[in-house]
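Each chain, written out:
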Amino acid sequence: EPEVTQTPSHQVTQMGQEVILRCVPISNHLYFYWYRQILGQKVEFLVSFYNNEISEKSEIFDDQFSVERPDGSNFTLKIRSTKLEDSAMYFCASGFRGGLSTDTQYFGPGTRLTVL
Amino acid sequence: LAKTTQPISMDSYEGQEVNITCSHNNIATNDYITWYQQFPSQGPRFIIQGYKTKVTNEVASLFIPADRKSSTLSLPRVSLSDTAVYYCLVGTPSGSARQLTFGSGTQLTVLP
């Protein structure tokens, strides 16, 4: 079964540093997403990406965040200047269709980001 | 976006059938009901989706009454490995990505 992969599995960084979280979505998927989950809290939507542009973003996804699909396989989330409160598990997801469909939202294993 | 309400937690024993009910009183005509499962430190995983009546797949069944204001996820003969958080979501295939708003979910603990 195809999978969404994410690297690294754990990233430790100093406050103020830039981090790039990487994801390889399932190859024939068209919709890509980033979510985060602060320890013990809910999974929160950050951004959706379709046709090489952001289609939706949440209030969390401010100017410190950016996403990119630099080639045909990778999908990245960049945090320009990390803050302590950015410490969370970040999940990438992909889907063949958007929204909440039967072939929706295959999630990767996550990257745990720790900001010191 | 339709709001969903689920029990915070449930306990069960191995081999039992578990039913988790979700309330979604303001579900819209075009909304589907979708359930996800999340293990600790992993991403949510799609379990089942339905629109009305009953849907069954290899891991679960989903029962939806005629008024569609609630739904019940049924897990037959649970095992210890079914211990996870289960989320109920409501939305449409062509709708906003924000529909994937995960609430607090139901923490299912399967005991030996």
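To be clear, the structure that these remarks concern was listed above.
Participant: So what exactly am I meant to see when it comes to the overall build of chain B here?
Facilitator: Secondary structure assignment for chain B yields zero helices and nine strands. Along the chain direction, N to C, the helices and strands of chain B fall in the order β-β-β-β-β-β-β-β-β. Expected size for 112 residues packed as a compact globule is a radius of gyration near 13 Å; at 13 Å, chain B falls within 12% of this value. For chain B, with 112 residues in total, the buried portion stands at 44%.

Participant: Help me understand the pattern of salt bridges, please; the structure alone is not making it clear to me.
Facilitator: Where charged atoms of side chains with opposite charge meet at close range, the side chains can pair. All names here are of chain A. Applying the stated rule across the entire model yields one salt bridge over all chains. For Glu-44, the salt bridge identified is with Arg-36, shortest N-O distance 3.1 Å. Overall, the relative accessible area of 25% leaves Glu-44 in the partly exposed class.

Participant: Can you walk me through the nonpolar core in this structure?
Facilitator: Among soluble globular proteins, nonpolar side chains are generally buried collectively. One finds A:Trp34, A:Leu46, A:Phe61, A:Val67, A:Phe75, A:Leu77 and A:Tyr90 to be the most contacted residues of the largest nonpolar core, which totals 21 residues. Every element with two or more residues in this core is listed here: β3 (19-24), β4 (31-37), β5 (43-50), β7 (65-68), β8 (75-79), β9 (88-95) and β11 (111-115) of chain A. Ranked by size, the runner-up nonpolar core spans 20 residues in total, among them B:Cys22, B:Ile47, B:Ile48 and B:Leu73.

Participant: Got a minute to help me understand the sheet that holds strand β2 (residues 18-23) of chain B in this structure?
Facilitator: Within a sheet, adjacent strands bond to each other through the backbone by hydrogen bonds, running parallel or antiparallel. Residues and elements named next belong to chain B. A sheet is described by the order of its strands in space; here four strands give the open sequence β2-β7-β6-β5, paired in antiparallel fashion. Each of the sheet's edge strands pairs with one partner strand only, and the pair in question is β2 and β5 (53-56). Averaged over all neighbouring strand pairs, the angle between strand axes comes to 15°, with direction disregarded. As paired elements, strand β6 (residues 61-64) and strand β7 (residues 70-75) share three bridges and run antiparallel to each other. What sits directly across from Phe-63, in β7, is Thr-72.

Calculation criteria
The residue numbering used here restarts from 1 in each chain and proceeds along that chain's sequence as written. Chains carry letters from A onward and ligands carry numbers from 1 onward, assigned in written order. Under the rules for a predicted model, residues below a pLDDT of 70 receive no local features and side-chain atom pairs below 80 are neither given nor counted, while totals for whole chains, interfaces and linings still include all residues. Hydrogen atoms and water are omitted, and side-chain values are computed over all heavy atoms in the structure. Numbered from the N terminus, helices here are DSSP runs of H or I no shorter than four residues, and strands are runs of E no shorter than two. Taken over C-alpha atoms, the radius of gyration is set against a globule rule of 2.2 Å times the number of residues to the power 0.38. Relative accessibility under 20% of the residue-type maximum defines a buried residue, over 50% an exposed one, and the middle range a partly exposed one, all with a 1.4 Å probe and only protein chains included. A side-chain nitrogen of Lys or Arg and a carboxyl oxygen of Asp or Glu constitute a salt bridge if their distance falls within 4 Å. To qualify as a nonpolar core, a set must consist of buried Ala, Val, Leu, Ile, Met, Phe, Trp, Tyr and Cys residues joined through side-chain atoms within 4.5 Å. The criterion for strand pairing is that DSSP finds at least two bridges linking the strands in question. For helices, the fitted line uses only the C-alpha atoms of the stretch in contact; every axis is such a line through C-alpha atoms, and the angle between N-to-C directions lies from 0 to 180 degrees.

Note that every value here comes from positions in space, so none of it alone points to a role or purpose.
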